[in-house]
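Topology and contacts: notes
Listed here are the chains, written in short residue letters.
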Amino acid sequence: MKALVYTGPKSVEVQDVETPDGRAGAVRLRLHYCGVCGTDIGIFSGKHPRATAPLVLGHEFVGTVEEAPEGSRFAVGDRAVAYPLLSCGHCHPCRNGQPHVCASLRLIGIDCDGGMAETLWVDENVLFKVPDTLSDRIAALVEPLAVVVRTLHQAQFALTQSAVVMGAGPIGILTAIVLKNAGASKIIISDVDEGRLNLCREMGFDAVDVRKQDLIEHVKAETNGDGVDAVFECSGVASSAIDMTKLVRVQGIICMTATHKEPHAVSLIDVNFKELTIIGSRVYTMAEFGAALELAQQMVPDLEKVITQEVPLSGADKVFDMIADPSLTTVKILVDCQA
């Protein structure tokens, strides 16, 4: 079968690889689409600490069941998406009902071969049936959407609250979409990419180019000097870490959705004086993954706008060049696994 294989830093190839044998309790999927994630970019750059070549990339995938074990709840022809987290089952989080923050958490497409391929065997117990009302394209967004469901839960975001989303990448834009669906009274999103910001404006969001406009002053002006109820830090950059405490109101909450790969300065005096809550968010629970599948059906028109490119698997070795090309506005790129 064909697959997009990470072969080393800054190197991926579409290769003919051996189709793996089935295993007990596993379902064979004929894959339709697989999304390209920021984690895939990190792997491609050679900076991911766990991913080792050769590796088939991809953890945001949807497919059709081609083979299932006897007695399976899946039938041939069912479509499914996979909860891609792999937990040890023995560490403190796993023993206490929090396997999504397993001490040795692994993921399909990072620690083992993933979904940028024609077929994949996946354990039945991590698969969710895709309803007939949801297209393959939108189903491929369920995994990143689950990240957003988790971050809103962590922030305990409530109806009519206001928010700033820092970073208009795929997770940032999806966060803004879910906030709108959750009844946010005001959503301000910031970035430096004008193409992405224009897309946000088309969706009705207050989009701020931080190269041209002072985000802190803009938020003050929009909130009568109070700041917003919640800040979702989705950029992962140093400037956001230092600014985020200035954007949120007294006793507001900051949710760290992005993973900051190195220590960044934070104004801890703001945390004290404003009695702020800063909370982390990492991936999602299985229940939140299922909730994201349900939620996707309510937001199809906006989710379609997040998909900016679709490339065939046969040409997927160029996908990281596309992401790096400043002349292209890329948000979410889908790989068509059968093309």
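It should be noted that the structure appears before, not after, this text.
Described below are features of the structure shown in this document. Every chain's residues receive numbers from 1 upward, in the order its sequence appears when written. Local features are withheld for residues below a pLDDT of 70 in this predicted model, meaning they are given only at 70 or higher, and side-chain atom pairs are given and counted only at 80 or more; totals for whole chains, interfaces and linings count all residues. As a convention, hydrogens and water are excluded, and side-chain values are obtained from all of the structure's heavy atoms.

**Here we look at the overall build of the protein chain**
Applied cut-off: Only DSSP runs of H or I with at least four residues qualify as helices, and only runs of E with at least two residues qualify as strands; both kinds are numbered from the N terminus onward. Our radius of gyration looks at C-alpha atoms and nothing else; its globule reference is 2.2 Å times the residue count to the power 0.38. The classification of residues rests on relative accessible area computed with a 1.4 Å probe and restricted to protein chains. Under 20% of the type maximum is buried, over 50% is exposed, and intermediate values are partly exposed. Residues count as neighbours in contact if any of their non-hydrogen atoms are within 4.5 Å of one another. The method behind every accessible area is Shrake-Rupley, applied with a 1.4 Å probe, and residues are considered shielded solely by the protein chains displayed. Counting rule for charge: Lys and Arg are taken as positive, Asp and Glu as negative, and neither His nor the chain ends is counted. By convention, the charge on Lys lies at NZ, on Arg at CZ, on Asp at CG and on Glu at CD.
Each helix and strand in the protein chain was counted, giving 12 helices and 18 strands. Taken over the C-alpha trace, the protein chain has a radius of gyration of 20 Å; the compact-globule value for 339 residues is 20 Å, and the two agree within 12%. Along the three orthogonal principal directions, the C-alpha set of the protein chain runs to about 60 × 45 × 40 Å. Counting only residues that meet the buried cut, the protein chain has 53% of its 339 residues in that class. Long-range contacts, defined here as pairs at least 24 residues apart, represent 69% of the contacts in the protein chain between residues at least 6 apart. Accessible surface for the protein chain amounts to roughly 14700 Å². Of this, 50% is attributable to carbon and sulfur atoms. The distance from the centre of the 29 positive side-chain charges to the centre of the 43 negative ones in the protein chain is 3 Å.

**Focus on the sheet that holds strand β1 (residues 2-8)**
Counted only if it meets this: Two strands qualify as a pair provided DSSP detects at least 2 bridges between them.
Read across the sheet, 3 strands follow the order β2-β1-β4 without closing on themselves; strand pairing throughout is antiparallel. Unpaired on one side and paired on the other, β2 (11-16) and β4 (55-56) mark the two borders of the sheet. Bridge count for β1 against β2 is 6 bridges, and the pairing is antiparallel. Directly across from K2, in β2, lies its bridge partner D16.

**A word on helix α5 (residues 170-181)**
For an α-helix, 3.6 residues make a turn, and residues three or four places apart therefore share a direction. Operational definition: Expected span, for any helix, means 1.5 Å times one less than how many residues it has.
For α5, with 12 residues, the first-to-last C-alpha span of 17 Å sits near the 16 Å given by 1.5 Å per residue. Counted residue by residue, α5 has 9 buried out of 12 residues, so it is predominantly covered. Listed as buried for α5 are P170, G172, I173, L174, T175, A176, I177, V178 and L179. The positive-phi residue at the C-terminal boundary of α5 is G183, with phi of around 90°.

**Comments concerning the packing of helix α7 (residues 215-222) against helix α8 (residues 238-247)**
As a reminder of what qualifies: Convention adopted: a line fitted to C-alpha atoms gives each axis, helices being fitted over their contacting stretch, and angles between N-to-C directions are expressed from 0 to 180 degrees. When describing relative orientation, an angle under 35 degrees is termed roughly parallel and one over 145 degrees roughly antiparallel, while 65 to 115 degrees is termed roughly perpendicular and anything else oblique. Should the near helix be turned counterclockwise from the far one by less than a right angle, the crossing is left-handed, whereas a clockwise turn marks it as right-handed. Residue classes follow a fixed rule: Ala, Val, Leu, Ile, Met, Phe, Trp, Tyr, Cys and Pro count as nonpolar, while Asp, Glu, Lys and Arg count as charged, and any other residue, Gly among them, counts as polar.
Taken N-terminus to C-terminus, the directions of α7 and α8 make an angle of 15°; their axes are 10 Å apart at the nearest point. For the element pair α7 / α8, the angle class is roughly parallel. Crossing hand, α7 versus α8: right-handed. For the pair α7 and α8, the contacting residues are L215, I216 and V219 in the first and D243, K246 and L247 in the second. Among the residues making up the contact of α7 with α8, the classes are represented as 4 nonpolar, no polar and 2 charged.

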